[in-house]
Each structure stands twice: as structure tokens, then as C-alpha cells.
Amino acid sequence: MEIPFFRYPHVFGQQREEILRAMMQVMERGAFILQSELEEFESAVSEFVGTRNAIGVANGTDSLNLACRAAGIGTGDEVIMASHTYIATAAAVHFAGATPVLVECREDHLIDPAAVEAAITPQTRAIMPTQLNGRTCDMDALLAIAEKHRLVLIEDAAQALGSKFKGKCAGTFGVAGSISLYPAKLLGCFGDGGLLFTDDDETARQLRLLRDHGRNEAGMVVTWGVNSRLDTLNAAICLTKLRIYPEEIERRRQIARLYRERLADLEDMTLPPGPDRDPDHFDCYQNYEVESGRRDALRKHLQKNGVKTIIQWAGTPVHKFEGLGLPKISLPFTERLFERCFLLPMNTSLTDEEVGYICEQIRNFYGA
Ligand SMILES: *Cc1c(COP(=O)(O)O)cnc(C)c1O
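For clarity, every value in this text was computed on a predicted model and none was experimentally measured.

## Looking at the layout of surface pockets
Roughly 600 Å³ of volume is contained in the largest pocket. Lining the largest pocket are 31 residues, and of these Y86, Q159, Y182, K185 and W313 sit closest to its centre. When its residues are assigned to classes, the lining of the largest pocket shows 14 nonpolar, 13 polar and 4 charged. Two domains each provide a minimum of three residues to the lining of the largest pocket, namely domain 1 (8–242) and domain 2 (245–366). Roughly 500 Å³ of internal volume is contained in the second largest pocket.

This is the structure in C-alpha cells:
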């Protein structure tokens, strides 16, 4: 068997006819920028996650940067985030003029609230937790810290559309939450795209100005802004995909159950929390990030047997990228995790047979 890590053609093939119809409607009207399908998608997705406002932007990195700017985060400010995140989280803060402060994660690979509290200085303005791998952080703890120290909370929920903590969706906890619509993400469009969520109507108004050159509805420039709009074509595609989204998430959770059934007894491996383990968490499994004490040999064995795996962020947490000029710090838990972690294939193109084959190859490797 040959099992790629991700099947990009599936992003289209899965709903070929419906997507083509939706695209034709946009293209034949010539309705490319800020047209009705964008509003329809924004309204449908805000209803889906239970927030007052959704704002479509060009990607899930701009969204974080715009959220920083709308929250007034800039020069001299520090923003605390996990080092186990995509460079985009840190870059968004850097390009707002502020400083990313990188901290440890916990056993579930998400930011450690105790590490957040320990990193607070008089310069700290915000916490930016990454809702990693389709799982939402311990938001009770993070919200309590934010309230106690009067910090802004902006979620990088790029990987977590529809993921919940105590019944509340990722991206809806702080002043703003950000989603990526990159093709390999949970809800993938045909290129780059992103979303911002906010319950605060004034923040929403600011974000709508920022994404469109600072122009108001009359076209008057009322502030400095950028060009970062979600294309109407991609909004129409996302609207089509949102209709089957709950089944997509259910399928990912089913695959997570299959992995757990067949791998949980392997002592050298650590699996992500199962979908039915903790009623406080509803996980979407953007990724299936496992740990193995013999990771590199196991990955080689899988590769030889046709199974492609990857390590997130090229195997390097943000604080270890030397070209960024960040202070040299040591994060022992994160560094140890990055000797062990990698991603098994996790997407809705996978069949049960393929998941079974992957597990069989892993069991063979361990002689189990
Ligand atoms: C994908 C991703 C982003 C950035 O999204 P883009 O749409 O590619 O800009 C940000 N943070 C995390 C954690 C991501 O996984």
C-alpha cells in the first residue's frame, strides 16, 4: 500500500460537482472580491461556532497579525505563546512590532498555563494560545490568568475549527480567534484563506477596516489598513464544504478511535487523548501527533512500507530557529517532545483499511 501524508486532490474530489457549481456561480457573475458568498460564509461559520462575527481574511497568519493590531498590541509589548506552534503565531506578533515570548507545553502538547503565568512581566500584554492538533487548551486556566493580570487573549485556532472546551468552540474565548483555511487544514480552501472570530462588534468593525485598506463601507479611508480579504471564490468553496463539515469531524474522530484501538497497548508509544476520554474536550484531530521512543527508526520503517509521516514545523519548535534573533532559552519539556513526536496520516480520504495497514506496520516494527 502507498499512503501519502495528505491527499491534496481529495480537497476538490470529495465534493466535485457541488464545488464546481458554487464556483461557476461566482465566476459567471464576475463576483470576485467582497461579494455575497463571502457574507454568506461568514454568517454560516459564525453560527457554526457560536460567535457574533466572522471576518474572512487572506490567510491564517494575517488574521493573527490583524487581531494583534485591533487589540492595540505593538512596540514594547510581549505576547506569550507555546514554542510548539507554527512560526506564523510568532511572526504575526513580530510584525505587529511586539515580542513573542515562548513557553512550554504539557503532556497533551498544548500550552502549559503554569508556564504562561511564570512568563508574565510588566511588558506582557497578551496570551496567544495555539489550539494545536484540533484540541482546545485548558481555557478555564488561561482565562483566569488573563483576567488576573489584565491580559488580552487571542487564540491561534488555525488547527481547531469546531474543537470545543466545555462545549465552547475554539476561537470564541478571547477578544479574537483565528482560523486557517489552508488546503490541508480541517476546512481547506483552494489556496490561502483565513477567518477571524469575535463577539465584540467594535473589534469586528476594526478588523473589517484593517483587512480592506482601512476603508469603510462608503469607501472612505478612516485608518491604515492592509489588503487581506478572503476571495469570494474561496468563500463559496468553504460554504460548500461547511455543509459536510460535521461529518468530516466525526470521521476524523472515528479514525482517532481506530488508531487508539490498535496502538494503545504499545508501551513505547504515546497517543493523543482519545475522543471519548474527557467530556471537557471535543477534539477535531487536525493532526494525529504521536510520540515514540524510537521515532526516527519507526518513521523509516513506515516510509519503507509506503506510509508517509511528517514532523510538525520541520521538527523544530519556534525557540530553536536561530535565524530569528530570539533570546536563547531552554524549554526542556518541549525539546524532549521534539525528539519523540511525529504525525501519522489523519484526514478524511483515509479508509479503515488504510488506517489498519498503518497500525499493522507499526505493530510489525515493534514485533507486537
Ligand atoms: C496553519 C497554521 C497557521 C497559519 O495559517 P496560514 O493560513 O497558512 O497562514 C497559524 N498557526 C498554526 C498553528 C497553523 O497550524
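Moving on from the model shown.
## Concerning the packing of aromatic side chains
The relative placement of two aromatic rings is captured by the distance of their centres and the angle of their planes. In this structure the tally under the stated criterion is 7 aromatic pairs. On the numbers, 4.7 Å between centres and 25 degrees between planes, the contact of Y259 with Y288 is stacked. Placement of Y259 in helix α10 (residues 245–263) and of Y288 in strand β12 (residues 288–292) is noted, with a sequence separation of 29 residues between them. Per residue, the accessibility class of Y259 equals that of Y288, and both read buried. Connected via pairs of aromatic rings, a cluster forms that spans Y259, Y285 and Y288. Note that K164 overlies the ring of F282, its terminal NZ or CZ placed 5.2 Å from the centroid. One Lys or Arg, K168, reaches over the ring of F173 and ends 5.4 Å from the middle of that ring.

## Comments concerning the pattern of salt bridges
For side chains bearing opposite charge, pairing can occur when the charged atoms are close. Here the structure, examined in full by the defined rule, presents 23 salt bridges. Taking the shortest distance from any N to any O, the salt bridge between D138 and R106 comes out at 3.8 Å. Of this pair, D138 sits in the loop between β4 (124–127) and α7 (139–148) while R106 sits in the loop between β3 (99–103) and α6 (113–118), placing them 32 residues apart in sequence. On the basis of relative accessible area, D138 is assigned to the partly exposed category, the value being 24%.

## Considering the site of the ligand
Close to the ligand lie 14 residues; G60, T61, D156, S180 and K185 are nearest. In this structure, G60 approaches the ligand through a main-chain N or O atom, which is 2.7 Å from an oxygen atom. Contacts to the ligand include T61, whose side-chain N or O atom sits 2.5 Å from an oxygen atom. Taken by itself the ligand offers 380 Å² of open surface, and the protein chains cover 93% of this. At a threshold of 2 Å from the grid points, most atoms of the ligand map onto the largest pocket. When grouped by side-chain class, the residues that make up the shell around the ligand number 3 nonpolar, 9 polar and 2 charged.

Reading the values: the criteria
Residues numbered from 1 in each chain as written. Predicted model: local features only at pLDDT ≥ 70, side-chain atom pairs only at ≥ 80, totals over all residues. Heavy atoms only, no water. 1 Å grid on protein atoms, 1.4 Å probe; cavity = no way out; pocket = protein on both sides within 12 Å on 5 of 7 lines; lining within 4 Å. Points joined across faces, edges and corners; volume = space filled by probe spheres on them. Nonpolar A, V, L, I, M, F, W, Y, C, P; charged D, E, K, R; others polar. Domains from an automatic or database assignment. Phe/Tyr/Trp six-rings, centres within 6.5 Å; stacked < 30°, edge-to-face > 60°. Helix = DSSP H or I, 4+ residues; strand = E, 2+ residues; numbered from the N terminus. Buried < 20%, exposed > 50% of the residue type's maximum accessible area, 1.4 Å probe, protein only. Lys NZ or Arg CZ within 6 Å of the ring centre and 35° of its normal. Salt bridge = Lys/Arg side-chain N within 4 Å of Asp/Glu carboxyl O. Near = heavy atom within 4 Å. Polar contact = N/O pair within 3.5 Å; in protein donor to acceptor, adjacent residues only side chain to side chain. Areas by Shrake-Rupley, 256 points an atom, 1.4 Å probe, with all protein chains shown as cover. Sits in = over half its atoms within 2 Å of the grid points.

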